[in-house]
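# Coordinates in review
The chain contents come next:
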Number of protein chains: 2
Amino acid sequence: VSDVRVELGDRSYDIVIGAGTLDEAPALLTRHQVGRRIFLASDPCVYELYGSDLEERLCRDGREVVHLLIPEGEKHKTLETVENLYTYLVAQRADRHSTLVAVGGGVTGDVGGFVAATYQRGMPFVQVPTTLLAQVDSSVGGKTGVNHKLAKNLIGAFHQPALVIVDTQTLASLPERQYQSGLYEVAKYGLIYDADFFRFFVDNLQAIIQRDPAVLEPMISRCCEIKAAVISIDEREQGLRQILNFGHTLGHALEAAVEYAGVTHGEAIAYGMLASLRLSRAMGLLDEATVDEVSAALLDIGSLPAAAGIPFGRLSDAMEHDKKRRDGHSHFVLLTEIGATLIQDDVDLALVAEAWQSAVVQAETATR
Amino acid sequence: VSDVRVELGDRSYDIVIGAGTLDEAPALLTRHQVGRRIFLASDPCVYELYGSDLEERLCRDGREVVHLLIPEGEKHKTLETVENLYTYLVAQRADRHSTLVAVGGGVTGDVGGFVAATYQRGMPFVQVPTTLLAQVDSSVGGKTGVNHKLAKNLIGAFHQPALVIVDTQTLASLPERQYQSGLYEVAKYGLIYDADFFRFFVDNLQAIIQRDPAVLEPMISRCCEIKAAVISIDEREQGLRQILNFGHTLGHALEAAVEYAGVTHGEAIAYGMLASLRLSRAMGLLDEATVDEVSAALLDIGSLPAAAGIPFGRLSDAMEHDKKRRDGHSHFVLLTEIGATLIQDDVDLALVAEAWQSAVVQAETATR
């Protein structure tokens, strides 16, 4: 079991990572001073797989547990779902000393976290991410929120959890495509921050793809360490935290352009990274050999859904709406070498279009 | 002009208090690093009185200002109003570097603050409170939120403003009853924290009631200083901040029992304080002379609406739903002398009922 500390002053917390950590949940909650009343939020599928066992274990430990089901899928990540949860919490007389435990993927964590952030101006919150993407990314860092009909994640708050429990055994039940999607974010951590970790990733890719327990814990731990280091310096994305958005300016634009259908978040980020590599090259920041090496590694993770039919104009429109824009500029995270980034605000849109086209062609070719 | 600093590390901010400070708003915003794009939120009445002038002044100073109207009154302090504001902000392409400036009373500040706390996970926020209650209480301390159909202020977030501008001249247009209601909270600061300030309040009560400009600035400044001192120590109401709830356990219960109709927040708090004084006496914490002296001072502020028709049982029911309860206990802030408090969790409900009845009779007698 690995323990990664997120240092944020009086909002510091631990991420506990290992195989079977959920079995130790009662002791972990006690050690981290989590109170007796627990509201366990989960989607019906994850509740069935892991939530009900956890509920039983916590009850046997003498806690009072009530579960709340959050309907599955991005389309339920709305203020309406949040409002239903408030009503349920009031009816159950939850107070600000009750703890909300979110068990599931990104949607459950984001919605549950937003409810925890805003119910009675904030209640303690524990994350139990069960997808790879949530384990290495969304459960760490305190971003919570829901979608607005006009923009994704538009409504939200920063609310750091009191504890994150990652049980790598939950990955066994994760569908192949979702697991692969998480691996693109794993690769991202190496690319933006840690060349050695990128080598580890490339060297162990077959074992990683086969979900070999021996590599899962060190892999996820390193991702969490990197994310923890970044957000400890820049909790609210004023500066350094932007590097975590490598591939995300175009990735988010792609997701918006296809209206979040047919491409997962991880796949969209993969496209965004492929294009950003070429953009870095076009701007003279990165050498050709590195572009080729990294692109090949990303394409080795698995095949990407076709994106050739999407006109670049739809992506550039979507970028205009991105909430990370400042004074009308989209910023791009570029690579100068493996493990090192540069943030650029004024990138020529023609270069971006060109980089995008090559990335699309490259993904297409690799898939054939 | 007085400047009160709220010390909260990297969330510290200034409260600027004086007659005519709104005329200096452009310079104040510049000095406090507020950006160029401003969303000015106000209710239609306050916008007419002060908002449109401020908007014009900021535009003349070269800022881009868009105003949003928030419908007046507690019944619009809902998630629905918040959602409408999100939609408007998206349509106007507000980003997380735009600033939301709330001009008005408590509802405008609470709703505007919650939108600022949650739009794109937080945008900068400036408070321009125009009621006495907002100037001495709700605009300072970062509490924001809206009501849920089952409970007041149930949904909310802590979001500290970047600046608070108090223009005492705006009090000239405040209806008598609203002004009086604010004075009960002013008296509270003396009672819980500063015996000298309570003397100042009693000695100058006639000038205060007549809104003499010479007393308004020092009076409001001292309230803000006390609130600032308390929240600097306990931003999130884990401990000390609870003393600000003197009179509020019963006050909130009264408001809930009458469904927020017929009694203002300040008047409810006045009743709560009268009862808490008698409860403090009944528990042997406070001497009779002080109870009489303080009660007389509170009743001198003005007459209170009758509360004799409300059975105590409805108040005790409401207390059960209070979000400040912990493990099923309502806590009471009691007085040990003028300027000193004691927080008690396990108060005998029979004593509370008795103290309540005497307070009601006393208010009734004073009004006749």
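Criteria and thresholds
Residues numbered from 1 in each chain as written. Chains lettered and ligands numbered in written order. Predicted model: local features only at pLDDT ≥ 70, side-chain atom pairs only at ≥ 80, totals over all residues. Heavy atoms only, no water. Helix = DSSP H or I, 4+ residues; strand = E, 2+ residues; numbered from the N terminus. Buried < 20%, exposed > 50% of the residue type's maximum accessible area, 1.4 Å probe, protein only. Contact = heavy atoms within 4.5 Å. Areas by Shrake-Rupley, 256 points an atom, 1.4 Å probe, with all protein chains shown as cover. Lys, Arg positive; Asp, Glu negative; His and termini not counted. Charge placed at Lys NZ, Arg CZ, Asp CG, Glu CD. Expected span 1.5 Å × (residues − 1). Pairing = 2+ DSSP bridges. Axes fitted to C-alpha atoms, helices over the stretch in contact; angles between N-to-C directions. Buried area = accessible area lost by both parts, 1.4 Å probe. Salt bridge = Lys/Arg side-chain N within 4 Å of Asp/Glu carboxyl O. Nonpolar A, V, L, I, M, F, W, Y, C, P; charged D, E, K, R; others polar. Phe/Tyr/Trp six-rings, centres within 6.5 Å; stacked < 30°, edge-to-face > 60°. Lys NZ or Arg CZ within 6 Å of the ring centre and 35° of its normal. Polar contact = N/O pair within 3.5 Å; in protein donor to acceptor, adjacent residues only side chain to side chain. pLDDT = per-residue confidence, 0-100.

## Observations concerning the overall build of chain A
A tally of helices and strands in chain A yields 14 helices and 11 strands. Oriented by its inertia axes, the alpha-carbon framework of chain A measures out at about 60 × 45 × 40 Å. Within chain A, the fraction of its 368 residues that count as buried is 61%. Considering only contacts in chain A between residues 6 or more positions apart, those separated by 24 or more positions represent 75%. For chain A, the exposed area adds up to about 13700 Å²; of that, 49% sits on carbon and sulfur atoms. Across chain A, 32 positive and 50 negative side-chain charges occur, with their mean positions spaced 6 Å apart.

## Description of helix H4 (residues 106-118) of chain B
All names here are of chain B. Between its first and last C-alpha, H4 extends 18 Å over 13 residues, near the 18 Å set by a 1.5 Å rise per residue. The buried count for H4 comes to 12 of 13 residues, which makes it a mostly enclosed element. Along H4, the positions that sit buried rather than exposed are Val107, Thr108, Gly109, Asp110, Val111, Gly112, Gly113, Phe114, Val115, Ala116, Ala117 and Thr118. After H4 finishes, the residue Gln120 shows a positive phi value of roughly 55°.

## Some remarks on the sheet that holds strand E5 (residues 99-104) of chain B
All names here are of chain B. The strand order across the open sheet built from seven strands is E1-E2-E9-E6-E5-E3-E4, with neighbouring strands paired in mixed fashion. Each end of this open sheet is capped by a strand with a single partner; those strands are strand E1 (2-6) and strand E4 (64-69). The sheet shows a mean angle of 20° between the axes of neighbouring strands, direction not considered. Summarising the sheet, strand E6 (residues 125-129) and strand E9 (residues 163-167) pair through two bridges and their orientation is parallel. Bridging from a neighbouring strand, Val126 pairs with Leu163 of E9. Most of the contacts of H4 go to E5, to which it runs at about 170°, and overall it touches strand E3 (37-42), E5 and E6. Contacts between helix H9 (residues 213-233) and the sheet are confined to E1, strand E2 (13-18) and E9, with E1 contributing the most and set at about 10° to the helix.

## Here's the deal with unusual backbone geometry
At Glu237 of chain A, a position not held by glycine, the phi torsion is positive, near 60°. You can see Glu237 of chain A is positioned in the loop between helix H9 (213-233) and helix H10 (248-257). Phi is positive for Arg121 of chain B, close to 60°, though the residue is something other than glycine. Along the polypeptide, Arg121 of chain B turns up in the loop between H4 and E6. Taking the relative accessible area as the measure of exposure, Arg121 of chain B reaches 8% and is therefore buried.

## Some remarks on the interface of chain A and chain B
Facing the 36 residues of chain A at the interface are 36 residues of chain B. Overall, the association of chain A and chain B removes approximately 3400 Å² of surface from exposure, summing both partners, and the carbon and sulfur fraction of that is 54%. For the interface between chain A and chain B, the tally reads four salt bridges. Here Glu237 of chain B makes a salt bridge to Arg96 of chain A, at a shortest N to O gap of 4.0 Å. For the side of chain A that touches chain B, the secondary structure elements donating two or more residues are helix H3 (79-91), helix H4 (106-118), strand E7 (143-148) and strand E8 (151-158) of chain A. Counting residues per element, the side of chain A that touches chain B draws most heavily on E8 of chain A, which supplies six residues. Here the side of chain A that touches chain B is built from residues that sort into 11 nonpolar, nine polar and 16 charged.

## A short note on the pairing of strand E9 (residues 163-167) of chain A
Residue and element names in this part refer to chain A. The element E9 is largely enclosed, with a buried count of five among its five residues. With five bridges connecting them, strand E2 (residues 13-18) and E9 associate as parallel partners. Its bridge partner being in E9, Val16 is matched across the sheet by Ile165.

## Digging into the packing of aromatic side chains
By the definition in use, this model includes four aromatic pairs over all chains. The interplanar angle of 15° and the centroid separation of 5.9 Å between the aromatic rings of Phe197 of chain A and Phe200 of chain A together place this pair among those described as stacked. With Phe197 of chain A and Phe200 of chain A both in helix H7 (residues 195-203), this residue pair falls three residues apart, about one helical turn. For Phe197 of chain A, a relative accessible area of 5% gives the class buried. With a relative accessible area of 25%, Phe200 of chain A lands in the partly exposed category. Measuring from centroid to centroid gives 5.8 Å for Tyr271 of chain B and Trp356 of chain B, while their planes differ by 45°, and the two rings are tilted. Of this pair, Tyr271 of chain B sits in helix H11 (residues 265-282) while Trp356 of chain B is found in helix H14 (residues 349-367), placing the two residues 85 residues apart along the sequence. Take Trp356 of chain B: its relative accessible area is 0%, and that puts it in the buried class. The side chain of Lys188 of chain A reaches across the aromatic face of Tyr189 of chain A, ending 4.9 Å from its centre. The residue whose ring lies beneath Arg211 of chain A is Tyr179 of chain A, and the NZ or CZ to ring-centre distance is 4.3 Å.

## Digging into H3 of chain A
Residue pairs three or four apart in sequence face the same way in an α-helix, which turns once every 3.6 residues. Residues and elements named next belong to chain A. Here H3 spans 18 Å end to end across 13 residues, near enough to the 18 Å set by a 1.5 Å rise per residue. Here H3 has its buried residues at Leu79, Thr81, Val82, Leu85, Tyr86, Leu89 and Val90. Count one or two residues on from H3 and you reach Arg93, which has phi positive near 55°.

## Brief notes about the sheet that holds strand E3 (residues 37-42) of chain A
Residue and element names in this part refer to chain A. Strand order in the open sheet made by the seven strands is E1-E2-E9-E6-E5-E3-E4, with mixed pairing throughout. On the outer flanks of this sheet lie strand E1 (2-6) and strand E4 (64-69), each paired with one strand and no other. Strand-to-strand twist of the sheet, defined as the mean angle between neighbouring strand axes without regard to direction, takes the value 20°. Most of the contacts of helix H2 (residues 44-60) go to E3, to which it runs at about 165°, and overall it touches E3, E4 and strand E5 (99-104). Most of the contacts of H4 go to E5, to which it runs at about 170°, and overall it touches E3, E5 and strand E6 (125-129).

## Here's the deal with the side chain of His32 of chain B
Residues and elements named next belong to chain B. Summarising the element assignment, His32 is placed in the loop between helix H1 (25-31) and E3. Assessed through its relative accessible area of 16%, His32 is described here as buried. A polar atom in the side chain of His32 sits 2.9 Å from the backbone oxygen of Leu28.

## Here's the deal with the side chain of Glu267 of chain A
Note that Glu267 of chain A resides in helix H11 (residues 265-282). The residues contacting Glu267 of chain A, other than those within four sequence positions of it, are Arg177, Ser181, Tyr184, Gly262, Leu304 and Pro305 of chain A.

## Side note on the confidence of the model for chain A
Taken over all residues, the pLDDT of chain A has a mean of 94, while the share at 70 or more is 98%. Listed scores for the predicted complex are pTM 0.92 and ipTM 0.89.

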